[in-house]
Amino acid sequence: MIKILFVCHGNICRSPMAEFIMKDIVEKAGVKDQFLIASAATSSEEIWNGVGNPVYSPAAAELRRRGIGKTLYTDFSGKRAVQVAKADLTRYDLLLCADKANIRNTQRITGPDTAGKVKLLLEYAGKPGQSISDPWYTGDFVRACDDILEGCTGLMAYLIREGLV
């Protein structure tokens, strides 16, 4: 089983978009049973009294526009923000971050990444060091989603090339 955690600041825009885009990719490839895919935040800003906020409505609208969310596996209506936990570094094979601040803040929570599991998602799109712009600030959910799709598509191609899927 390949275990992937997508990470962003609040877990209401980029990381849940990545979670459900990747779920859509693996479901369409017929290999969803080989994956555990989730997402989390580095902050607790979107979590109140232990309950996380849902996927931000413009992010949800962009996922729906792309046809994601129509199956039980890709239904994001019940997704709520959660925060990265120390145990996630051992629980997941990859912790794929939207930007460099997410890497730094993830490692503050999990401790040092001696196994090289914490990376930028866009590394798999052939864009080392590049971050996915935060649509919370830019308002450009289409561009963020395009970047995420490129990263997730590249990740799937990598997993296939490596014989992991």
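One can find the structure itself at the top, above this paragraph.
Heads up: these notes are all about the structure in this document. Treat the numbers as computed from the prediction; the structure is a model and nothing was measured.

1. Things to note about the side chain of D147
Okay, step 1: Relative to the helices and strands, D147 resides in helix α6 (residues 141–161).
Okay, step 2: Of the side chains bearing the opposite charge, R143 lies closest to the buried D147, which forms no salt bridge; the N-O distance is 4.1 Å.
Okay, step 3: When neighbours within four sequence positions are excluded, D147 is seen to be in contact with L122, K127 and I132.

2. Examining a nonpolar patch on the surface
Okay, step 1: A contiguous nonpolar patch, built from Y56, W136 and Y137 and spanning about 370 Å² of accessible area, is present on the exposed surface.
Okay, step 2: Turning to its location among the elements, Y137 is positioned in helix α5 (residues 135–138).
Okay, step 3: Among the residues examined, Y137 registers a relative accessible area of 66% and is labelled exposed.

3. Brief notes about the pattern of salt bridges
Okay, step 1: Counting across every chain of the model gives eleven salt bridges.
Okay, step 2: With a shortest N-O distance of 3.1 Å, K23 and E19 are connected by a salt bridge. Placement of the pair is K23 and E19 together in helix α1 (residues 14–28), with a separation of four residues, close to one helical turn.
Okay, step 3: Residue E27 is joined to K32 by a salt bridge in which the shortest nitrogen-to-oxygen separation is 3.8 Å.
Okay, step 4: Taking relative accessible area as the criterion, E27 reaches 22% and is therefore assigned partly exposed.

4. Digging into empty space enclosed by the protein
Okay, step 1: Under the criterion given, the structure shown has one cavity of 30 Å³ or more.
Okay, step 2: The computed volume of the largest cavity comes to approximately 40 Å³.
Okay, step 3: Broken down by secondary-structure element, the contributors of at least two residues to the lining of the largest cavity are β1 (2–8), α1 and β5 (94–97).
Okay, step 4: Looking at the lining of the largest cavity residue by residue, the class counts come to nine nonpolar, one polar and one charged.

5. A closer look at the packing of α1 against α6
Okay, step 1: Two elements in contact, α1 and α6, have axes whose closest approach is 9 Å; the angle formed by their N-to-C orientations is 45°. Of the possible angle classes, the one that applies to α1 and α6 is oblique. Between α1 and α6 the crossing geometry is right-handed. Between α1 and α6, the residues in contact are R14, M17, A18, I21, M22, I25 and V26 and F141, A144, C145, I148, L149, C152, T153, L155, M156 and L159, respectively.
Okay, step 2: Here the contact of α1 with α6 is built from residues that sort into 15 nonpolar, one polar and one charged.

Conventions adopted
Residues numbered from 1 in each chain as written. Predicted model: local features only at pLDDT ≥ 70, side-chain atom pairs only at ≥ 80, totals over all residues. Heavy atoms only, no water. Helix = DSSP H or I, 4+ residues; strand = E, 2+ residues; numbered from the N terminus. Buried < 20%, exposed > 50% of the residue type's maximum accessible area, 1.4 Å probe, protein only. Lys, Arg positive; Asp, Glu negative; His and termini not counted. Salt bridge = Lys/Arg side-chain N within 4 Å of Asp/Glu carboxyl O. Contact = heavy atoms within 4.5 Å. Patch = residues over 30% accessible without salt bridge, like charges linked within 9 Å, V, L, I, M, F, W, Y side chains within 5 Å. Areas by Shrake-Rupley, 256 points an atom, 1.4 Å probe, with all protein chains shown as cover. 1 Å grid on protein atoms, 1.4 Å probe; cavity = no way out; pocket = protein on both sides within 12 Å on 5 of 7 lines; lining within 4 Å. Points joined across faces, edges and corners; volume = space filled by probe spheres on them. Nonpolar A, V, L, I, M, F, W, Y, C, P; charged D, E, K, R; others polar. Axes fitted to C-alpha atoms, helices over the stretch in contact; angles between N-to-C directions. Parallel < 35°, antiparallel > 145°, perpendicular 65-115°, else oblique. Left-handed = near helix turned anticlockwise from the far one by under 90°.

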